[in-house]
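Chain by chain, the residues:
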Amino acid sequence: MRPNLSIRGFHIYKTALDIGAQRQLVDAVRDIVKAAPLMRPQTPSGRQMSVRMTSAGRVGWTATASGYQYATRHPSGVAWPAIPRKILDVWSSVTCDAPLPDSCLINFYDEAARMGLHRDHDEADFQWPVVSISLGDEGLLRVGGLERGGTTESIWLQSGDVVVMGGQARLAYHGIDRIKGGSSRLLPNGGRLNLTLRVAT
Ligand SMILES: O=C(O)CCC(=O)C(=O)O
Ligand SMILES: [Fe+2]
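Residues numbered from 1 in each chain as written. Chains lettered and ligands numbered in written order. Predicted model: local features only at pLDDT ≥ 70, side-chain atom pairs only at ≥ 80, totals over all residues. Heavy atoms only, no water.

## A word on the overall build of the protein
Inclusion rule: In DSSP terms, a helix is any run of H or I states spanning at least four residues, a strand is any run of E spanning at least two, and both are numbered starting from the N terminus. Radius of gyration: C-alpha atoms only; globule rule: 2.2 Å multiplied by the number of residues to the exponent 0.38. Here's how the labels work: a residue is buried when its accessible area is under 20% of the maximum for its type, exposed when over 50%, partly exposed in between, all with a 1.4 Å probe on protein chains only. Accessibility throughout is a Shrake-Rupley quantity obtained with a 1.4 Å probe, and a residue counts as covered only by protein chains that appear here. Positive: Lys, Arg. Negative: Asp, Glu. His and the chain ends are not part of the count. To locate a charge, take atom NZ for lysine, CZ for arginine, CG for aspartate or CD for glutamate.
The secondary structure content of the protein amounts to 2 helices and 13 strands. Expected size for 201 residues packed as a compact globule is a radius of gyration near 17 Å; at 15 Å, the protein falls within 12% of this value. Dimensions of the protein, computed from the C-alpha atoms along their principal axes, are close to 40 × 40 × 35 Å. Residues counted as buried form 50% of the 201 residues belonging to the protein. Of the roughly 9,500 Å² of accessible surface on the protein, a fraction of 50% belongs to carbon and sulfur atoms. Where the 23 positive side-chain charges of the protein centre and where its 18 negative ones centre are 4 Å apart.

Listed below in structure tokens is the structure:
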């Protein structure tokens, strides 16, 4: 597969996943969430995130009072479920020579949720990309550069879009400013799911 759009080194595969594939991924996420329920993490500064999260894989990204880290267990004590094959297949379709990811972060945004500008820098080796899959309602992705406070550009991500953040863009600032409620019928109760795959450890 080849990206059909690139902004600032973020390679976007518009509608890489057809509706059937999107539905299969939602089913896979349902199974993960049954075993490892979504939660709203508290940031080290004490604020509650508006995005609800859980993970699959050997390790899952967690935010606690002591900082951000990859942990081998959900806060409930259960191990994270394995990353389903269908999700790994998406990674393989847009990466080459990369090892399989050991972490899949699942973000759920309701209409009011957003994610502030940040860089993904908790992983051990930045040579491997981050691959993001969008499902459900549209989300407005803002991308910047390597420094906080630089100029940014925004693009709406739709259900089935896959974004690869690699190379120069691997450590670039990005965030989700807005969710367009009611823009997709994939999730019966609305909202946006985003899956990010990473080689974390
Ligand atoms: O929801 C998105 O599209 C981006 C998520 C993200 O940046 C992250 O989980 O680090
Ligand atoms: Fe991120």
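## Some details on the coordination of the iron ion (ligand 2)
Between any two of four tetrahedral donors, the ideal angle at the metal is 109.5 degrees; between two of six octahedral donors, it is 90 or 180 degrees. Note the following rule: The donor definition counts N, O and S atoms within 2.8 Å of each metal and applies 3.2 Å to Na, K and Ca; water is not among these atoms, so some sites may look incomplete.
Surrounding the iron ion (ligand 2) are the protein donor atoms His118 (NE2), Asp120 (OD) and His174 (NE2), which sit 2.1 to 2.2 Å from the metal. Between consecutive donors of the iron ion (ligand 2), the numbers of intervening residues give the motif H-x1-D-x53-H. On the basis of relative accessibility, which here comes to 6%, the residue Asp120 falls in the buried class.

## Section: helix α1 (residues 19–35)
Applicable threshold: Any helix carries an expected span of 1.5 Å times its number of residues minus one. By definition, the arc is the one covered by directions from the helix axis to the C-beta atoms.
Helix length check: α1, at 17 residues, gives a terminal C-alpha distance of 25 Å against a target of 24 Å (1.5 Å per residue), a fit within 8%. Taken together, the buried positions of α1 are Gln22, Leu25, Val26, Ala28, Val29 and Ile32. Buried residues of α1 fall within an arc of 165° about the axis and therefore sit on the same side. Along α1, exposed side chains directed more than 90 degrees from the buried face belong to Arg23 and Lys34.

## Side note on the UniProt feature "domain: Fe2OG dioxygenase" (unreviewed entry) in the protein
Counted only if it meets this: UniProt positions are given in the numbering used here, feature names are shortened, and annotations may be inferred rather than shown by experiment.
The UniProt feature table records "domain: Fe2OG dioxygenase" (unreviewed entry) at residues 100–201. For residues 100–201, the helix share is 0%, the strand share is 46%, and the end-to-end C-alpha distance is 11 Å.

## A look at the sheet that holds strand β10 (residues 153–157)
Filter applied, for reference: Pairing between strands requires that DSSP locate at least two bridges from one strand to the other. For every element, the axis is a line fit to its C-alpha atoms; helices are fit only across the contacting stretch, and the angle between N-to-C directions ranges from 0 to 180 degrees.
Strand order in this open sheet of 4 strands is β7-β12-β9-β10, and the pairing throughout is antiparallel. Strands at the two margins of the open sheet, each flanked by one partner only, are β7 (115–118) and β10. Ignoring strand direction, the axes of neighbouring strands in this sheet form an average angle of 25°.

## Topic: the environment of Phe108
This is how the line gets drawn: Throughout, a contact is declared for two residues whenever any of their heavy atoms are within 4.5 Å.
Summarising the element assignment, Phe108 is placed in strand β6 (residues 103–109). Accessibility expressed as a relative area gives 15% for Phe108, which makes it buried. Along the primary structure Phe108 and Leu17 are separated by 91 residues, whereas in three dimensions their C-alpha atoms are 18 Å apart. Phe108 has contacts with Leu38, Val51, Arg52, Leu187, Gly190, Gly191, Arg192 and Leu193, leaving out every residue within four places of it along the chain.

## Regarding the sheet that holds strand β1 (residues 5–7)
The 7 strands lie next to each other as β1-β2-β11-β8-β13-β6-β3, forming an open sheet whose pairing is antiparallel. Edge strands, defined here as strands with exactly one partner in the open sheet, are β1 and β3 (52–57). The average angle at which neighbouring strand axes cross in this sheet is 20°, direction not considered. Note that strand β8 (residues 130–136) and strand β13 (residues 192–198) share 6 bridges and pair antiparallel. Bridge pairing in β13 places Gly136 opposite Arg192.

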